[in-house]
Every structure is written in structure tokens, then in C-alpha cells.
Amino acid sequence: RIPVALGLRPWRPDLEARVWESLAHAVERTGPTFIKLAQWAATREDLFPAQLTQQFVRLQDRNHPHPWRDTEAALDRELGADWRAYLEVDQ
């Protein structure tokens, strides 16, 4: 198990809950790769504290959608404007 906030348990359970909530919020802001990892972690109570996995469960279906314009801008930047000639994407 992750020992991050375990030292808080005997003295400040409310603080421990806020630590896990803050971590879930930070993961949500970091983007789709970390959200995907957190979604996996939400299913692994054998590896992570229950309070953490409960926070990550909300990322299963209540995360903010990624705007298509951001993806399109990244593809333009990385592959050039002609990427549409080689790749068909359903929006």
C-alpha cells in the first residue's frame, strides 16, 4: 500500500480525506494519461488505500471531456496541417 497519508490516520482522519481528494483533483488536471492510470488504480483496493480508490472512482465517469480543438491543435502542431489526408478521425 502507498504510505503517503497513512501517518495522518490516527490523528487527523479529516486531513487524510482532504489529501486524497486533492490528489484526485490534481490527477484530473494533469490530463488523459494520468486519468487513465487513476481509473486503473480505482479498481485496485488491494494496492491502494480505500479512501484513495474511492476518490479515483469518480474519474471513471465524471471527468471533464477533452475538447476536440485541443486534440486537433496538437495534431496540427506535431504532424503538420496535412495530417487529415492520412488519418480519418470520428469526432
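Our structure is the block above this text.
Residues numbered from 1 in each chain as written. Predicted model: local features only at pLDDT ≥ 70, side-chain atom pairs only at ≥ 80, totals over all residues. Heavy atoms only, no water.

### Focus: the environment of Ala 50
Part 1 of the argument: With respect to the helices and strands, Ala 50 occurs in helix H3 (residues 50-61).
Part 2 of the argument: Look at Ala 50 and you get partly exposed, because its relative accessible area is 30%.
Part 3 of the argument: Each C-alpha atom of the pair Ala 50 and Trp 20 lies 10.0 Å from the other, and the pair is 30 residues apart in sequence. (Helix = DSSP H or I, 4+ residues; strand = E, 2+ residues; numbered from the N terminus. Buried < 20%, exposed > 50% of the residue type's maximum accessible area, 1.4 Å probe, protein only.)

### Section: the packing of aromatic side chains
Part 1 of the argument: Per the stated rule, a full pass over the model turns up one aromatic pair.
Part 2 of the argument: Ring geometry for Trp 40 against Phe 48: centres 5.9 Å apart, planes inclined by 85 degrees, an arrangement best described as edge-to-face. (Phe/Tyr/Trp six-rings, centres within 6.5 Å; stacked < 30°, edge-to-face > 60°.)

### Observations concerning the side chain of Thr 53
Part 1 of the argument: Its place among the elements puts Thr 53 in helix H3.
Part 2 of the argument: Separated by 2.9 Å, the side chain of Thr 53 and the backbone oxygen of Ala 50 make a polar contact. (Polar contact = N/O pair within 3.5 Å; in protein donor to acceptor, adjacent residues only side chain to side chain.)

### Section: a nonpolar patch on the surface
Part 1 of the argument: On the surface, Tyr 86, Leu 87 and Val 89 cluster together into a nonpolar patch covering about 320 Å² of accessible area.
Part 2 of the argument: For Tyr 86, a relative accessible area of 68% puts it in the exposed group. (Patch = residues over 30% accessible without salt bridge, like charges linked within 9 Å, V, L, I, M, F, W, Y side chains within 5 Å. Areas by Shrake-Rupley, 256 points an atom, 1.4 Å probe, with all protein chains shown as cover. Salt bridge = Lys/Arg side-chain N within 4 Å of Asp/Glu carboxyl O.)

### Here we look at the pattern of salt bridges
Proximity of charged atoms lets side chains of opposite charge pair with each other.
Part 1 of the argument: Per the counting criterion, the structure on display carries five salt bridges.
Part 2 of the argument: Across the salt bridge formed by Arg 84 and Asp 76, the nearest N and O atoms sit 3.3 Å from each other.
Part 3 of the argument: Residue Asp 76 is classed as partly exposed on the basis of its relative accessible area of 30%.
Part 4 of the argument: As a salt-bridge pair, Arg 77 and Glu 78 come within 3.7 Å of each other at their nearest N and O atoms. The residues Arg 77 and Glu 78 share a single accessibility class, namely exposed.
Part 5 of the argument: Through salt bridges with shared partners, a single network forms among Glu 72, Asp 76 and Arg 84.

These values are about where atoms sit, not about what they do.
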